[in-house]
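Survey of secondary and tertiary structure
Each chain, written out:
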Amino acid sequence: LSSGIAGKPIPLGFKMKHELRYNYTYPLHLFMDEETQSIVLILFLFLATVSSLIVLFQSLKQSKIEARYREAVLGTIIHNVCSPIDNLTEAALELQETIQDKLQEPDKKLFNGMLEELENMTETATRLLNLNSSMYGVKIKARKTDLPALLEQVITRYTRKLYPRGKNVKFSPQLDMKNKIVQLDSNYFTEIAQNLIDNSIKYSGNEVQITISIEENGDHVLIRFKDNGKGISKKYLKHVFKPYSRQDNGNTQLKGYGLGLYFVKLAVKAHGGKTKVNSTEEAGTEFTITLPRKSKHYATEN
């Protein structure tokens, strides 16, 4: 036959190079009859693979939706908790300045105890914010902000705050700027500043000196937080921004979970900035935050 499948030539003799060449047909129905099981198996595996991929895609999509929902719920809870606590704290401090001299000693202790409980609630909400940010990241909404005024507001809140017994905290603000406006998320930046200040107070001696300064460098601003504390050991310094990492200084009464500086790094990075730390036992610790003046996350809506 002139068509079909060519067979392997068959030699016909020893001395003569004669050979038999042939073609043969292989009908489709014969192929189907002989390879039915293989075809069914291949189709089954193909359909099973496609189905598995569809289920996996749907599961990942659903997990992502649930994660966003949990993030939104937790963020809303934290915000709704922080706002009334801040308002109560401000009102209590205003009231304290007004009636402090008129209170009897038992009433003063009761009032100070109330302020301490409000402070504990604020710290708890801050830890929740740090934990939420560690799990789901930081999403900022930057707006034009007067940076010196925002830092002054943070410092003013600390000057009216109850410190741990024996602590005397003094601030040296150096906040002069030619162009005071920076695009940033004021809520997150406030938490950044408070985390760094809390660390300075926590890991310093009884006489705490905190210097906060701003340096303008073209399209960026550098904010420095420097203290006169005990410093960070070289061994721990490279781990300072890692989650759940805390320096063991022998004081088991210090509160915290090692998420504060990790949150600082995440929040600064979300602004498009960088965080740097220098520390020695002689000169204390200095954190430098570099932020762009203009943020890619700038929110134009009110």
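Since we're looking at a predicted model, the values are computed, not measured.

**Description of the overall build of the chain**
Check the secondary structure of the chain and you find 6 helices and 11 strands. Counting over 302 residues, the chain shows a buried share of 33%. Nonlocal contacts in the chain, meaning residues at least 24 apart in sequence, comprise 68% of its contacts between residues at least 6 apart. Only carbon and sulfur atoms are counted for the fraction: they give 57% of the accessible area of the chain, which is about 20,300 Å².

**Topic: the packing of aromatic side chains**
Applying the stated criterion across every chain, the model contains 3 aromatic pairs. Ring geometry for Tyr-158 and Phe-171: centres 6.0 Å apart, planes at 55°, overall tilted. Of the two residues, Tyr-158 sits in helix 3 (residues 147-159) while Phe-171 sits in strand 6 (residues 168-174), which places them 13 residues apart along the sequence. As far as burial versus exposure is concerned, Tyr-158 and Phe-171 are alike and both buried.

**Let's talk about the pattern of salt bridges**
Considering all chains together, one arrives at 3 salt bridges under this definition. In this structure, Glu-19 engages Arg-21 in a salt bridge whose closest nitrogen and oxygen atoms are separated by 2.6 Å. By relative accessible area, which is 35% here, Glu-19 ends up partly exposed. Among the salt bridges present, the one from Arg-224 reaches Glu-215, with a minimum N-O distance of 2.8 Å.

**Concerning the side chain of His-271**
Mapped onto the elements, His-271 comes out in the loop between helix 6 (260-270) and strand 10 (274-280). A residue is classified by how much of its surface remains accessible, and His-271, at 4% relative accessible area, is buried. A polar contact of 3.1 Å, which involves the side chain of His-271, links it to the backbone nitrogen of Asp-185.

**A short note on the sheet that holds strand 10**
Within a beta sheet, neighbouring strands are joined by backbone hydrogen bonds and run either parallel or antiparallel to one another. Strand order in the open sheet made by the 5 strands is 6-8-9-11-10, with mixed pairing throughout. The open sheet has two free edges, formed respectively by strand 6 and strand 10, since each of these has just one partner strand. Averaged over all pairs of adjacent strands, the angle between their axes in this sheet comes to 15°, without regard to strand direction. Bridge count for strand 10 against strand 11 (residues 284-292) is 7 bridges, and the pairing is antiparallel. In the strand pairing of strand 11, Lys-276 is matched with Thr-288. Most of the contacts of helix 4 (residues 186-202) go to strand 8 (residues 207-217), to which it runs at about 145°, and overall it touches strand 6, strand 8, strand 9 (220-227) and strand 11.

**Re the side chain of Asp-227**
Tracing the backbone shows Asp-227 in strand 9. Although Asp-227 is buried, it forms no salt bridge, and the closest oppositely charged side chain is Lys-226 at an N-O distance of 6.5 Å. A distance of 2.8 Å separates the side chain of Asp-227 from the side chain of Ser-200, its partner in a polar contact. Excluding residues within four positions of it along the chain, Asp-227 makes contact with Ser-200, Ser-204, Gln-209, Ala-283, Gly-284 and Thr-285.

**Details of a nonpolar patch on the surface**
Taken together, Ile-5, Ile-10, Leu-12, Leu-20, Tyr-22, Tyr-24, Tyr-26, Leu-28, Leu-30, Phe-31 and Met-32 make up a surface patch of nonpolar side chains, about 980 Å² in accessible area. In terms of residue count, helix 1 (residues 28-99) provides more of the nonpolar patch than any other element does, 4 residues in total. Structurally, Tyr-24 is set in strand 4 (residues 23-24). Given the relative accessible area of 38%, Tyr-24 is considered partly exposed.

**What about the confidence of the model for the chain?**
When pLDDT is averaged along the chain, the result is 81; 81% of the residues meet or exceed 70. Mean pLDDT across the secondary structure elements of the chain bottoms out at helix 2 (residues 105-136), with 72, and peaks at strand 9, with 95.

Reading the values: the criteria
Residues numbered from 1 in each chain as written. Predicted model: local features only at pLDDT ≥ 70, side-chain atom pairs only at ≥ 80, totals over all residues. Heavy atoms only, no water. Helix = DSSP H or I, 4+ residues; strand = E, 2+ residues; numbered from the N terminus. Buried < 20%, exposed > 50% of the residue type's maximum accessible area, 1.4 Å probe, protein only. Contact = heavy atoms within 4.5 Å. Areas by Shrake-Rupley, 256 points an atom, 1.4 Å probe, with all protein chains shown as cover. Phe/Tyr/Trp six-rings, centres within 6.5 Å; stacked < 30°, edge-to-face > 60°. Salt bridge = Lys/Arg side-chain N within 4 Å of Asp/Glu carboxyl O. Polar contact = N/O pair within 3.5 Å; in protein donor to acceptor, adjacent residues only side chain to side chain. Pairing = 2+ DSSP bridges. Axes fitted to C-alpha atoms, helices over the stretch in contact; angles between N-to-C directions. Lys, Arg positive; Asp, Glu negative; His and termini not counted. Patch = residues over 30% accessible without salt bridge, like charges linked within 9 Å, V, L, I, M, F, W, Y side chains within 5 Å. pLDDT = per-residue confidence, 0-100.

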